[in-house]
Amino acid sequence: MTPERKLAALFAAEAPPARDHAFQAAVARRIAGRRAWMTVAALIPWTIAAVALLWGLSPVVAPLAESMSAALQPTATVLATAFGAGLAARWLSRRFGAV
């Protein structure tokens, strides 16, 4: 075996794997992070517009909300109690139910 072939065989034995999973995971994580930040950046103008709209409508909506709160308070209490009871029933059925 010639020295060149020995060296080629040595380098062939030390060849990196065809796919580096750790590198691919790191690249995918960076791409996902960049996409998440770009999504947040794209929502900033919509958020500013919504805040400006709500700020402009607050003099109109505030009296309406005050008058409706007295009427909706009992309904909200009943709905909150029913939601809590439903969550408790679901938790209890999963905790003590037959699997």
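Look up a bit, the structure's there.
First, a word on what this report is: a plain description of the structure on this page. (Residues numbered from 1 in each chain as written. Predicted model: local features only at pLDDT ≥ 70, side-chain atom pairs only at ≥ 80, totals over all residues. Heavy atoms only, no water.)

1. Some words on the overall build of the chain
Defined as follows: Numbering of helices and strands runs from the N terminus; a helix is a DSSP stretch of H or I covering at least four residues, while a strand is a stretch of E covering at least two. For a compact globule the rule gives 2.2 Å times the number of residues to the power 0.38, and the radius of gyration it is set against comes from C-alpha atoms. Three exposure classes are used, based on accessible area relative to the maximum for each residue type with a 1.4 Å probe and protein chains only: buried under 20%, partly exposed in between, and exposed over 50%. Accessible areas in this description were obtained via Shrake-Rupley with a 1.4 Å probe; residue shielding takes into account the shown protein chains only. Under the convention used here, Asp and Glu are negative, Lys and Arg are positive, and both His and the chain ends fall outside the count. Every charge is mapped onto a representative atom, which is NZ of Lys, CZ of Arg, CG of Asp or CD of Glu.
In terms of regular secondary structure, the chain is built from two helices and zero strands. In terms of C-alpha radius of gyration, the chain reaches 31 Å, well past the compact-globule figure of 13 Å for 99 residues. Its C-alpha atoms give the chain principal-axis dimensions of about 95 × 50 × 10 Å. Counting across all 99 residues of the chain, residues that qualify as buried make up 0%. Accessible surface computed for the chain: about 9,200 Å², of which carbon and sulfur atoms make up 72%. Here the chain contributes 10 positive and 4 negative side-chain charges, whose respective centroids are spaced 10 Å apart.

2. Re the environment of D20
Structurally, D20 is set in the loop between α1 (3-13) and α2 (21-96). According to the relative accessible area criterion, D20 is partly exposed, its value standing at 43%. When the C-alpha positions of D20 and I48 are compared, they lie 43 Å apart, and in sequence the two are 28 residues distant.

Interpretation in functional terms is not warranted from these geometric data alone.
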